Amino acid sequence: MASQHQVRQYLAYWFQLGKPVICNGGKDTLLPRSVIQGDRYSPEFDTCWEKIQAIDAGDCYLEGTITTIAELLSPAWEITACCRCTMPVPMPNVGMPPPTCPCVDLPDWPNTEVPMPRSPVNSQILLQQIRDRLRQTSLPFNQNGNQNSQTNVDLPDVVDDIVG
Ligand SMILES: [Zn+2]
C-alpha cells in the first residue's frame, strides 16, 4: 500500500516528464505546468492533487498505466522503481506486474543527459541535519571537558540561529 506521500511523489515525477493524469472516464487530463517551487510542491501541483481527490481518485490514473490513484492507496498495490528507468511505477502485491512501464512510449527515456525528476528539497530539514551532525561531532570534546572545545560548542549555536 502506497502512502499519500508516495503517490504524490509518483505523480510529481511523471508530471515532470510530461505524463498527464487521465480522469472523468478519459475525457479530461491533468498536467500542472510547474511541479516544484523552491523547496515544496507548486500551488499548481497541489491544486491538481486536490482535484484528483475531489473528482474521484478511483477514476484517475496516470497515462500509460491501468492503476487508479485510489488503487495505489489500497493495500493491493505498492509503488516500486521501474527496472528500466528507475522511475516510480505501480506494482500489485499479488499477481503479475503490469506489462509495461509508463516510460515505454517516451522515445528519449531513460536519458542520462537530463536531470532526473526530483522531489522538493526542504532546505530547512537539510540545515537541521547538518546542525545535528555538528552537534554529534562536537560532543566528545564536551564530555572530556576539553577547554579547547569552545569553538565546537559555539558552532551549533550559530547554526541554530540560521535554522531558527
Ligand atoms: Zn520505466
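Coordinates for the structure precede this section.
What this report covers is the structure whose coordinates are included nearby. (Residues numbered from 1 in each chain as written. Predicted model: local features only at pLDDT ≥ 70, side-chain atom pairs only at ≥ 80, totals over all residues.)

### Here's the deal with the overall build of the protein
Point 1. Within the protein, the regular secondary structure consists of five helices and seven strands.
Point 2. Reading the helices (α) and strands (β) of the protein from amino to carboxyl end gives α-β-β-β-β-α-β-α-β-β-α-α.
Point 3. Counting only residues that meet the buried cut, the protein has 20% of its 164 residues in that class. (Helix = DSSP H or I, 4+ residues; strand = E, 2+ residues; numbered from the N terminus. Buried ≥ 20, exposed ≤ 12 C-beta atoms within 10 Å, placed from the backbone.)

### Quick look at the pairing of strand 6 (residues 77-81)
Point 1. Across five bridges, strand 6 lies against strand 7 (residues 88-92) in antiparallel orientation. When the bridges of strand 7 are listed, tryptophan 77 appears paired with proline 92.
Point 2. Where strand 6 folds back onto strand 7 in an antiparallel hairpin, the turn is made up of six residues, including threonine 86, whose phi is positive at roughly 65°. (Pairing = 2+ DSSP bridges.)

### Some words on the nonpolar core
Point 1. Membership of the largest hydrophobic core comes to 25 residues, with the highest contact counts inside it found for Leu11, Ala12, Val21 and Ile52.
Point 2. Of all the secondary-structure elements, those providing two or more residues to this core are helix 1 (4-16), strand 1 (21-23), helix 2 (43-55), strand 5 (61-62) and helix 3 (69-72).
Point 3. In terms of residue count, the dominant contributor to this core is helix 1 (seven residues).
Point 4. Residue contacts for valine 21: discarding those within four places in its chain leaves Leu11, Thr29, Leu30, Ile52, Cys60, Tyr61 and Leu62. (Core = buried A, V, L, I, M, F, W, Y, C linked by C-beta atoms within 7 Å. Contact = placed C-beta atoms within 7 Å.)

### Things to note about unusual backbone geometry
Point 1. Proline 110 follows tryptophan 109 through a cis peptide bond whose omega is -5°.
Point 2. Among the structural elements, proline 110 can be located in the loop between strand 7 and helix 4 (123-143).
Point 3. For asparagine 24, which is not glycine, the phi torsion reads 55° and is therefore positive.
Point 4. Assignment of secondary structure puts asparagine 24 in the loop between strand 1 and strand 2 (28-30).
Point 5. With phi around 65°, threonine 86 is a residue other than glycine that occupies positive phi space.
Point 6. Its location among the elements puts threonine 86 in the loop between strand 6 and strand 7.
Point 7. Accessibility expressed as a C-beta count within 10 Å gives 14 for threonine 86, which makes it partly exposed.

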